[in-house]
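Read off the chains here:
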Amino acid sequence: MAYEYASANAGLNETLSNVKEHMLLQVHNLLAGSPLQKKAMDIQDAAEKSWREVQPVLQQAAVQGLIKPEAYTQRRYQWAFSILLTRMCRLPGRCNEEVLVAWGDMANHRSDVTSFLDWDRTKRQIVFQPDCSYDPGEQVYVSYGPKTSGELLLSYGFMLAPESNPNDAYLLEIALDEDDSQLQGKLAALQQYGLSARQQFPLKVNALPDGLLEYAAFIAATPGRSDEIPILAEYLFGKHQFPLLDKVDCRILGVNYVLTVCRTAMLGYKKTMEVDKEYIETQRKRLQDSTFDTEDSSGSQVAQIERSIAAAVLRVRERQILHRTTFILKQSKR
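Summary of the structure given here. (Residues numbered from 1 in each chain as written. Predicted model: local features only at pLDDT ≥ 70, side-chain atom pairs only at ≥ 80, totals over all residues. Heavy atoms only, no water.)

**Remarks on the overall build of the protein chain**
Moving on, step 1. When helices and strands are tallied, the protein chain shows 11 helices and 10 strands.
Moving on, step 2. Residues counted as buried form 40% of the 334 residues belonging to the protein chain.
Moving on, step 3. The long-range share in the protein chain, meaning contacts at least 24 apart out of those at least 6 apart in sequence, stands at 64%.
Moving on, step 4. Carbon and sulfur atoms provide 51% of the accessible area of the protein chain, an area that totals close to 19,600 Å². (Helix = DSSP H or I, 4+ residues; strand = E, 2+ residues; numbered from the N terminus. Buried < 20%, exposed > 50% of the residue type's maximum accessible area, 1.4 Å probe, protein only. Contact = heavy atoms within 4.5 Å. Areas by Shrake-Rupley, 256 points an atom, 1.4 Å probe, with all protein chains shown as cover.)

**Focus: unusual backbone geometry**
Moving on, step 1. With phi around 55°, arginine 124 is a residue other than glycine that occupies positive phi space.
Moving on, step 2. Despite not being glycine, lysine 247 shows a phi value in the positive range, around 65°.

**Here we look at the nonpolar core**
Moving on, step 1. Counting 34 residues, the largest nonpolar core has Tyr170, Leu172, Ile174, Leu203, Phe218, Val258 and Leu322 as the members making the most contacts within it.
Moving on, step 2. Counting only elements with at least two residues in this core, the list comes to strand E7 (170-175), helix H6 (183-192), strand E8 (198-203), helix H7 (212-220), helix H8 (228-238), helix H9 (250-267) and helix H11 (299-332).
Moving on, step 3. Here this core gets 8 residues from one element, more than from any other, and that element is H9.
Moving on, step 4. If sequence neighbours within four positions are ignored, tyrosine 170 has contacts with Pro35, Phe201, Pro202, Leu203, Ala265, Tyr269, Glu318, Ile321 and Leu322. (Core = buried A, V, L, I, M, F, W, Y, C linked by side-chain atoms within 4.5 Å.)

**Some thoughts on H7**
Moving on, step 1. Of all 9 residues making up H7, 8 are buried, and the element is well covered by its neighbours.
Moving on, step 2. Along H7, the residues that are buried comprise Leu212, Leu213, Glu214, Tyr215, Ala216, Ala217, Phe218 and Ile219.

**A word on the pattern of salt bridges**
Moving on, step 1. Inspection of the entire model under this criterion finds 13 salt bridges.
Moving on, step 2. Notably, a salt bridge pairs arginine 90 with glutamate 98, separated by 2.7 Å at the nearest N-O pair.
Moving on, step 3. A residue is classified by how much of its surface remains accessible, and arginine 90, at 52% relative accessible area, is exposed.
Moving on, step 4. With a relative accessible area of 40%, glutamate 98 lands in the partly exposed category.
Moving on, step 5. Measuring nitrogen to oxygen at the nearest pair gives 2.7 Å for the salt bridge that ties glutamate 97 to arginine 94.
Moving on, step 6. Overall, the relative accessible area of 32% leaves glutamate 97 in the partly exposed class.
Moving on, step 7. Here the residues in one salt-bridge network are Arg225, Asp227 and Glu228, joined through shared partners. (Salt bridge = Lys/Arg side-chain N within 4 Å of Asp/Glu carboxyl O.)

Distances and angles like these do not, on their own, reveal function.
Quick look at the structure:
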């Protein structure tokens, strides 16, 4: 059995381009301003916490002569964590159990594919049922899930062209203000409708996500009495209607609040969109330039340039979505 998977394991070398090995090393610069920066740091924190947790086990194993300490370094542990991050898949047929599937995890992702690896209870095997026909020798694709370009970049080290990914989105986060005088009342009302004090909404270029304006209106509203809070929540989350609150249209409250959040988000990027666009063009020309010999250049240098381009493309796309969202919101107020 070990021999059967030996060649598959050999393909999991230590140069895998993924978030833990590469993106996180430069996360503060590459993802500055992006909501993905926090997600990347959370992954990094999880990896470091996991390393600390296994220390007593490794130390005890070393004392007992079960392992060689030099074989279990933090560098190798980070690599193993990266393997889990990039190769692990969930099996819906086994209650979303997370597993490593040799060979199967090497299938590439395509956004228009809906099929994925799953557990067949009858055959008691992991199977793949394609959603289209393939010619002999043609590459077979699977779906990694409805992921945004940023999520693909973080988890797998690649991203699709923004225009070719229908799942592309900017994850806009809206949260209750901890200094809100009606914090507890609002929190209780949100929980009644299965909502939390902090929600993320996937902004897309062509439409506003469901529930965004209702949630924003509730966060921004300042009812005069505490007993008005559950009534307001019922209108917004139960009836999906925007009532008047002290003669103010709650829908306008929501629109103005989201506009403010979007403007603040755009100010968080270190570089302007024009600077990022110029950088993308310059670096792409650099890679195509005949004087830049990719064979003589180290693989890490080329990979670093490609990652910086991908991050810049992502930053541009995120701001395009934010600009488009603000335009849609402003038009809705007319």
